Amino acid sequence: MPVVCHEGQSVELAEGQSVLDALLAQGVPVPYACRAGICQSCLMRAVEGQPPASSQQGLKETLRLQNYFLACVCHPTENLRVALPSAQELNVPATVTGLRRLNAEIIELTLMAHAPLDYRAGQFIAVINKDTGQGRSYSLASVPGEEESLHLHVRRLPGGRISGWIHEELRAGQTIEIRGPAGDCFYVPGRPEQPLLLIGTGSGLAPLYGILRDALARGHWGPIRLFHGSRNAGGIYLRNELRELARRHPRFDYVPCLSGPDISPGYASGRAHDAALAEVPDLKGWRVFLCGHPDMVQQAQMRAYLAGASLQEIHADAFQSNHAGAAS
Amino acid sequence: MNDPTTATQNATLFEKLGGEPAVNAAVDIFYRKVIADPRINTFFFGVDMAQQAAKQKSFLTMAFGGPHHYTGLDMRRGHARLVQMGLTDRHFDAVLEHLGNTLRELNVAAPLIDQVIAIAESTRTDVLGR
């Protein structure tokens, strides 16, 4: 099996073992989160040897050409000498410009990057604590051109190190680091008449709020239907802003959904994707965006497809665990 | 350069079928047939659909004679769990049936369908772990 060398330490990969697992077993502190080749936390660079193309999927061309790869999905066929990227190679400093409570669990973190960030609403960036080196990815709710700053919805996770740090320690004026953007869950211009279905739970609203406003700003005129779900009314946020958008844009329609036992006027009862598919049973020709709890996303993907949506047109938030409750 | 006989033939088949857009159109129809078929859909319960769709796309790209990275060993490893669950020729035949019907729905010419089926057929022993 191929050998991976990091700072003079060599380890032979076991059958089926990823570069990430081999290095972690050696005590190399490689940051990681999703272990699925998505979040890009475990980005590394091959200084010698060629990483397999499958470990470079989703990386920017400039990074691919420099032999960056994702350690968690890297199963090399040749020996590699690898290095962890230094912070200054990839990270961009950003100043905290605001922290606003959206509901009991979620705050909006507003950042001003020190260098312009070329991103699409709905993509994600990693927020990095410089002191610990730990990072976590959050979807962008802001829209380039609409807002100068970056907006993230950060849910406080039990035992979550990054979300705890953001909720309890970060203050406006502090400088942190960000990395990215990445991800392909965003509005695709070119078909302004196409109906769009947006389903989110919890802080999965963040990318949808960005995608929705991006679509409207780009002159989308087909129907846009947003279903935001939570257990109880306390979990629904940005309700006034969304109602105002619905009032101004007759083709946009917003349905907050409560899956818990409470019944409140102005809310649909039941899970967001159940409500959405009950109202739009035929999704042929629709573009569908799903963000939030992984169980919801997985079920809704299948049901949207069976309801006629094309696989190519079902976008799922790649970075789901933020919204779901996996500790970090 | 590539071996002129096999490489050109494969490229030709992939091109004749319409390349990647044709694969995408076919995956949509093919995978819908597969997960609607009670003979085989139990093998797909509980798996992540996006990952599964990506796998179907790789499989169809290969069967269409397109660029792919599959090896026989990948096929073996990828299906070992399903073989343990009872994957047999009967299930493999059902998948080929859906593949053929998908291509007929897309009005692909019969000789090309035969070529696609032949490529898919060539994976049988690896898929079934024999």
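On a predicted model such as this, the values are computed, not experimentally measured, just so you know.

What counts as what
Residues numbered from 1 in each chain as written. Chains lettered and ligands numbered in written order. Predicted model: local features only at pLDDT ≥ 70, side-chain atom pairs only at ≥ 80, totals over all residues. Heavy atoms only, no water. Helix = DSSP H or I, 4+ residues; strand = E, 2+ residues; numbered from the N terminus. Rg over C-alpha atoms; globule rule 2.2 N^0.38 Å. Buried < 20%, exposed > 50% of the residue type's maximum accessible area, 1.4 Å probe, protein only. Contact = heavy atoms within 4.5 Å. Core = buried A, V, L, I, M, F, W, Y, C linked by side-chain atoms within 4.5 Å. Disulfide = S-S within 2.5 Å. Expected span 1.5 Å × (residues − 1). Arc of directions from axis to C-beta. Pairing = 2+ DSSP bridges. Axes fitted to C-alpha atoms, helices over the stretch in contact; angles between N-to-C directions. Parallel < 35°, antiparallel > 145°, perpendicular 65-115°, else oblique. Left-handed = near helix turned anticlockwise from the far one by under 90°. Nonpolar A, V, L, I, M, F, W, Y, C, P; charged D, E, K, R; others polar.

Engineer: Could you give an account of the overall build of chain B, naming the residues involved and the relevant values?
Structural biologist: Helix and strand counts for chain B stand at seven helices and zero strands. Order of helices (α) and strands (β) in chain B, N terminus to C terminus: α-α-α-α-α-α-α. At 14 Å, chain B has a C-alpha radius of gyration in line with the 14 Å of a compact globule built from 130 residues. Projected onto its principal axes, the C-alpha coordinates of chain B cover approximately 40 × 30 × 25 Å. Out of the 130 residues belonging to chain B, those deemed buried represent 41%. For chain B, the proportion of contacts with a sequence separation of at least 24, taken over those separated by at least 6, is 77%.

Engineer: Mind laying out the nonpolar core, listing which residues take part and the relevant values?
Structural biologist: Core analysis: the largest hydrophobic core is formed by 61 residues, its most contacted members being Leu 283 and Val 288 of chain A together with Phe 64 of chain B. The leading source of residues in this core is helix 2 (residues 19-35) of chain B, at eight residues. When neighbours within four sequence positions are excluded, Val 288 of chain A is seen to be in contact with Leu 197, Leu 283, Ala 304, Ala 309, Glu 313, Ile 314 and His 315 of chain A.

Engineer: Which residues make up the state of the cysteines, and what values go with them?
Structural biologist: All names here are of chain A. By the definition in use, this model includes zero disulfides over all chains. Unpaired in terms of disulfides, Cys 34 finds its nearest cysteine sulfur in Cys 39, a separation of 3.8 Å. Residue classification places Cys 34 among the partly exposed positions, given a relative accessible area of 25%.

Engineer: Hey, could you go over helix 6 (residues 110-121) of chain B for me, with residue numbers and the actual values?
Structural biologist: Along an α-helix, a turn takes 3.6 residues, which lines up residues three or four apart on a common side. All names here are of chain B. Between its terminal C-alpha atoms helix 6 stretches 16 Å, which fits the 16 Å expected from twelve residues at 1.5 Å a residue. Taken together, the buried positions of helix 6 are Leu 112, Ile 113, Val 116 and Ala 120. On an axial view of helix 6, the arc spanned by its buried residues comes to 105°, and they lie on one face. Seen from the buried face of helix 6, the exposed residues on the opposite side, beyond 90 degrees, are Pro 111 and Asp 114.

Engineer: For the pairing of strand 7 (residues 106-113) of chain A, give the residues involved together with the corresponding values.
Structural biologist: Residue and element names in this part refer to chain A. With seven of eight residues buried, strand 7 is to be regarded as a mostly interior element. Both strand 6 (residues 92-101) and strand 7 contribute to a ladder of seven bridges, which runs antiparallel. Looking across to strand 7, one finds that Val 96 is bridged to Leu 111. Between the antiparallel neighbours strand 6 and strand 7 lie four residues. Sheet topology note: the strand 7/strand 10 (residues 150-155) ladder contains six bridges and is antiparallel. Across the sheet, Leu 111 pairs through a bridge with Leu 150, a residue of strand 10.

Engineer: Pulling in residues and values, what's your account of the packing of helix 5 (residues 205-217) of chain A against helix 6 (residues 239-248) of chain A?
Structural biologist: Residues and elements named next belong to chain A. Two numbers describe how helix 5 lies on helix 6: the axes approach to 13 Å, and their chain directions differ by 25°. Considering their axes alone, helix 5 and helix 6 lie roughly parallel with respect to each other. Between helix 5 and helix 6 lies a crossing of left-handed hand. Taken together, the residues of helix 6 that come into contact with helix 5 (itself represented by Leu 205, Tyr 209, Leu 212, Arg 213 and Leu 216) are Glu 241, Leu 242 and Leu 245. Of the residues assigned to the contact of helix 5 with helix 6, the class counts are six nonpolar, no polar and two charged.

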